[in-house]
Amino acid sequence: MNLPKKYIINAVTVLAVTLFFGCESNFKEVQKINFSEFVPGSDNDTVDIKYTDSGRITGVLKSRKMLDYSNLEFPFTEFPKGIDVTLYDKKQKRTFIKANYAVSYKQTGIIDLQGKVKITSETGQMLETEQLYFDQKNEWFYTERKFKLTDAKGVSNGQGIDFSKDFKVINSQRITGELEANE
């Protein structure tokens, strides 16, 4: 039996359309299976957290928004509206940290500070950069980004720096500026 070409094309078109619409709902179901929701375990507005060690305050963190993703395989806490932190050393000397955005990774102990990051010591040293990491375990800051460091000896600019939280040890790279030298 020979069917005209017109009927064969129509039959193929109907079959293709039926398969397309018939598989669309199954495709959407398959997509849902592979979809994992990325929602915080908690969502907090206006937080004021005090960190202590043996009854002594070691830090105070303030933020207008905190999203806690501790429910994920690689847990982290996000501060999308920035942070204002005060760190205290053993002699209660303070270091002040401000950033427009921050993420704290629980497993690594690394905090990623971003957007107009400014760190000031109680003695007047100040570092400004666009991104800075803080290793909580070692109490060490570092970045490969451009920075501006201001202290009593002058102002210097550079790209790449790492330093202790009390500014006692500073290692900088590609530095320019005017500094007072000790003779």
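Our structure is the block above this text.
Residues numbered from 1 in each chain as written. Predicted model: local features only at pLDDT ≥ 70, side-chain atom pairs only at ≥ 80, totals over all residues. Heavy atoms only, no water.

Novice: Now, about the packing of aromatic side chains: what can you tell me, with residues and values included?
Specialist: Counted according to the given criterion, the structure contains six aromatic pairs. Between Tyr69 and Phe76, the aromatic rings sit 4.6 Å apart at their centres with planes inclined by 20 degrees, giving stacked as the arrangement. Grouping aromatic residues by their ring pairs yields a cluster made of Tyr69, Phe74, Phe76 and Tyr105. (Phe/Tyr/Trp six-rings, centres within 6.5 Å; stacked < 30°, edge-to-face > 60°.)

Novice: So what about the side chain of Ser63? Which residues, and what values?
Specialist: Within the secondary structure, Ser63 sits in strand E2 (residues 56-68). Apart from residues lying up to four places away in sequence, Ser63 is in contact with Thr46, Val47, Phe79, Gly82 and Ile83. (Helix = DSSP H or I, 4+ residues; strand = E, 2+ residues; numbered from the N terminus. Contact = heavy atoms within 4.5 Å.)

Novice: Just give me the short version of unusual backbone geometry, but keep the residues and values in it.
Specialist: Residue Ser54 is not a glycine yet carries a positive backbone phi of 55 degrees. By secondary structure assignment, the location of Ser54 is in the loop between strand E1 (42-53) and E2.

Novice: I'd love a proper account of the nonpolar core, names of residues and values included.
Specialist: Judged by nonpolar contacts, the single largest core of 23 residues is most densely connected at Leu113, Ile119, Leu127, Leu132, Phe141 and Phe163. For this core, the secondary-structure elements that each account for two or more residues are E2, strand E4 (83-88), strand E5 (94-99), strand E7 (110-121), strand E8 (126-135), strand E9 (140-151) and strand E10 (154-164). For this core, the element with the most residues is E7, which contributes four residues. Not counting the four nearest positions on each side in its chain, Leu113 is found in contact with Ile83, Ile97, Ala99, Tyr101, Ala102, Glu130, Gln131, Leu132 and Phe141. (Core = buried A, V, L, I, M, F, W, Y, C linked by side-chain atoms within 4.5 Å. Buried < 20%, exposed > 50% of the residue type's maximum accessible area, 1.4 Å probe, protein only.)

Novice: I'd like a rundown of the environment of Ser42, residues and numbers included.
Specialist: Checked against the element boundaries, Ser42 lands in strand E1. Considering only alpha carbons, one finds Ser42 and Tyr69, 27 residues apart in sequence, at a separation of 7.3 Å. Apart from residues lying up to four places away in sequence, Ser42 is in contact with Met66, Leu67 and Asp68.

Novice: So what about the side chain of Glu78? Which residues, and what values?
Specialist: Looking at the secondary structure, you find Glu78 in strand E3 (residues 76-79). One buried charge, Glu78, has no salt-bridge partner; the nearest side chain with opposite charge is Lys65, at 9.6 Å. A distance of 2.7 Å separates the side chain of Glu78 from the side chain of Tyr101, its partner in a polar contact. The contacts of Glu78, once residues within four sequence positions are left out, are Lys65, Met66, Leu67, Tyr69, Tyr101, Ala102 and Val103. (Lys, Arg positive; Asp, Glu negative; His and termini not counted. Salt bridge = Lys/Arg side-chain N within 4 Å of Asp/Glu carboxyl O. Polar contact = N/O pair within 3.5 Å; in protein donor to acceptor, adjacent residues only side chain to side chain.)

Novice: Quick one: what's the story with the pairing of E5, residue by residue and with numbers?
Specialist: Only one face of E5 is covered, namely the one carrying Thr95, Ile97 and Ala99; the face carrying Arg94, Phe96 and Lys98 has none of its residues buried. One ladder, built from six bridges, connects E4 with E5; its direction is antiparallel. If you follow Tyr88 over to E5, its bridge partner there is Arg94. The pairing of E5 with E7 spans four bridges and is classified as antiparallel. By the bridge assignment for E7, Thr95 is matched with Ser121. (Pairing = 2+ DSSP bridges.)

Novice: Can you break down the pairing of E2 residue by residue, with the values?
Specialist: With eleven bridges joining them, E1 and E2 adopt antiparallel strand pairing. Paired with Asp45 across the bridge in E2 is Lys65. For E2 and E4, the ladder comprises four bridges, and the chain directions are antiparallel. Within E4, the position partnered with Lys62 by the bridge is Asp84. Sheet analysis places E2 next to E3, joined by two bridges and oriented antiparallel. If you follow Asp68 over to E3, its bridge partner there is Thr77.

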